[in-house]
Amino acid sequence: MHAEAVLDRPFIEYGAMSTESAKRILDRVWTVALGELTQLPPTTTPGRISCLTSLLGSVRNLESRVNESRVAASVEVMRSIHRSLVRLQSAKTVDELLGSAAEEVITIGFDRALISTVERGRWNLHTMVIEKDPRLADEMVAAGREHPPTLDGTLVESDVVDRGEPGLVYDVQDNPRVDRTLVAISGCTSYGVAPINVGGRVMGLVHADAYYARRPVDNTDQSILNLFGEGLGHALARATVLERVSALTTTLSDLTGGAVSPTVHNSSYGLSGREVEVLERMAAGDSNRMIARRLTISEGTVKTHITHILRKLDAGNRAEAVAYWLRR
């Protein structure tokens with residue numbers, strides 16, 4: 001009866017216990033109860049048999065609840081990641097995007113997050129967010145920028161960059177494959193790291209842990225970080241295009257002394273103002289649905305504009321139209 005009382009406790013509630021811990025407890029109770037039931041002597045009272053049978057039924061019922069909880073938690077995480085990535089779409093520059101990305105990592109289940117770039121074998125810390133200790137975040141970024149770690153194979157991060165796959169790091173303070181300066185400042189015991197992949201190349205890293213929650217990162221955290229990193233890679237590609245378009249516009253304005261605006265310049269190709277807006281969104285990597293949402297028009301209207309754009313630019317597809325736009 002004591003075991004039954006334990007099972008009645010609301011330990012499956014979010015934050016009270018992980019689903020993995022709950023499953024381990026239930027497996028143990030099932031094994032013990034089933035073992036006792038199969039070894040009962042002939043003199044066992046019907047009440048005891050009924051009690052053990054009921055206990056096994058309770059275990060199965062709670063296992064179903066654990067599985068349902070896991071599915072519900074997974075769905076909510078996916079929604080959180082989606083919401084975070086949607087918010088990041090408003091970033092107009094790479095710097096703004098990376099700065100905002102660290103804040104978004106905090107919203108998907110972590111309490112410390114670091115966004116970095118990777119360039120020429122160097123791990124360059126960009127932004128770190130620690131809501132409970134902003135000074136610590138600034139200290140870590142300053143230390144990392146003063147002596148950027150080299151990704152020469154000695155660090156775990158080297159593997160993540162080389163393979164393009166996420167990783168988990170445990171026993172951090174004693175792990176020989178971590179940056180000693182950064183881990184000494186952070187005091188962390190475990191962390192997850194995922195690549196930011198753009199066009200098949202790792203351009204950055206996402207680090208996160210659950211230091212204040214006092215829990216080690218696990219495979220679920222790894223999957224979450226990896227999914228976020230994949231989405232961030234797409235957002236980074238888009239922000240890069242926007243920066244290039246902006247730079248081209250500025251260069252054009254400088255060359256013409258500001259006398260010719262991008263809209264007037266491109267209108268010489270026969271494009272209307274709205275068609276130029278649609279083409280700009282195409283160059284930024286937006287889908288038809290996203291273009292429709294941003295310009296407050298229907299997807300059907302977007303498709304019509306694209307058809308006109310392709311015809312006027314004598315382009316065979318969207319990619320050719322965008323390439324033509326960027327060249328000119």
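Provided above is the structure to which this section pertains.
## Side note on the pairing of strand β5 (residues 201–209)
Working step 1: With seven of nine residues buried, β5 lies mostly within the body of the structure.
Working step 2: Strand direction decides the pairing type here: strand β1 (residues 112–119) and β5, joined by six bridges, are antiparallel. Looking at β5, one finds that S116 is bridged to L205.
Working step 3: The pairing of strand β4 (residues 191–198) with β5 spans seven bridges and is classified as antiparallel. The partner of P195 across the bridge, within β5, is L205.
Working step 4: The hairpin turn running from β4 into β5, its antiparallel successor, is two residues long, and G199 in that turn takes a positive phi close to 60 degrees.

## A closer look at the sheet that holds strand β3 (residues 167–169)
Working step 1: Overall, antiparallel pairing links the five strands, which are arranged β2-β1-β5-β4-β3 in an open sheet. Here the strands that pair on one side only, and so sit at the sheet edges, are β2 (122–129) and β3. Between one strand axis and the next, the sheet turns through 25 degrees on average, direction left out of account.
Working step 2: Both β3 and β4 contribute to a ladder of three bridges, which runs antiparallel. Across the sheet, the residue bridging to L168 is G192, located in β4.

## Details of the nonpolar core
Working step 1: Counting 27 residues, the largest nonpolar core has L97, V105, I115, V206, F228 and L232 as the members making the most contacts within it.
Working step 2: Counting residues per element, the ones that place at least two in this core are α3 (46–88), α4 (94–106), β1, β4, β5 and α8 (219–255).
Working step 3: Here I115 is in contact with L98, A101, A102, V105, L125, H126, T127, I196, L205, V206 and L232, once residues within four sequence places are set aside.
Working step 4: Listed in part, the 26 residues of the second largest apolar core include I130, V141, A143 and L182.

## Topic: the side chain of D286
Working step 1: Turning to its location among the elements, D286 is positioned in the loop between α10 (273–283) and α11 (288–295).
Working step 2: Classification of D286 by relative accessible area gives buried; the value is 2%.
Working step 3: At 2.9 Å, the side chain of D286 forms a polar contact with the side chain of R281.
Working step 4: Among all residues touching D286, those that are not within four sequence positions of it are R238, R281, I291, R294 and R318.

## A look at the packing of aromatic side chains
Working step 1: In the structure shown here, the tally under the stated rule is one aromatic pair.
Working step 2: Ring centres 5.1 Å apart and planes at 85 degrees place the aromatic pair Y211 and Y212 in the edge-to-face group.
Working step 3: Over the face of the ring belonging to Y211 we find R112, whose NZ or CZ atom lies 4.0 Å from the ring centre.

## A few points about the packing of α10 against helix α12 (residues 299–313)
Working step 1: At a minimum axis separation of 10 Å, α10 and α12 run at an interaxial angle of 95 degrees. With respect to their mutual orientation, α10 and α12 come out roughly perpendicular. Contact residues: R274, E275, V278, L279 and M282 in α10; H305, I306, H308, I309, K312 and L313 in α12.

## Details of the pattern of salt bridges
Working step 1: Taken as a whole, this structure holds 12 salt bridges when the rule is applied.
Working step 2: Measuring nitrogen to oxygen at the nearest pair gives 2.7 Å for the salt bridge that ties R215 to D221.
Working step 3: A salt bridge links R281 to D286; its shortest N-O distance comes to 2.9 Å.
Working step 4: Several salt bridges share partner residues, and in doing so they unite R238, R281, D286 and R294 into one network.

What counts as what
Residues numbered from 1 in each chain as written. Predicted model: local features only at pLDDT ≥ 70, side-chain atom pairs only at ≥ 80, totals over all residues. Heavy atoms only, no water. Buried < 20%, exposed > 50% of the residue type's maximum accessible area, 1.4 Å probe, protein only. Helix = DSSP H or I, 4+ residues; strand = E, 2+ residues; numbered from the N terminus. Pairing = 2+ DSSP bridges. Axes fitted to C-alpha atoms, helices over the stretch in contact; angles between N-to-C directions. Core = buried A, V, L, I, M, F, W, Y, C linked by side-chain atoms within 4.5 Å. Contact = heavy atoms within 4.5 Å. Polar contact = N/O pair within 3.5 Å; in protein donor to acceptor, adjacent residues only side chain to side chain. Phe/Tyr/Trp six-rings, centres within 6.5 Å; stacked < 30°, edge-to-face > 60°. Lys NZ or Arg CZ within 6 Å of the ring centre and 35° of its normal. Parallel < 35°, antiparallel > 145°, perpendicular 65-115°, else oblique. Salt bridge = Lys/Arg side-chain N within 4 Å of Asp/Glu carboxyl O.

Any link to function would need more than the numbers given here.
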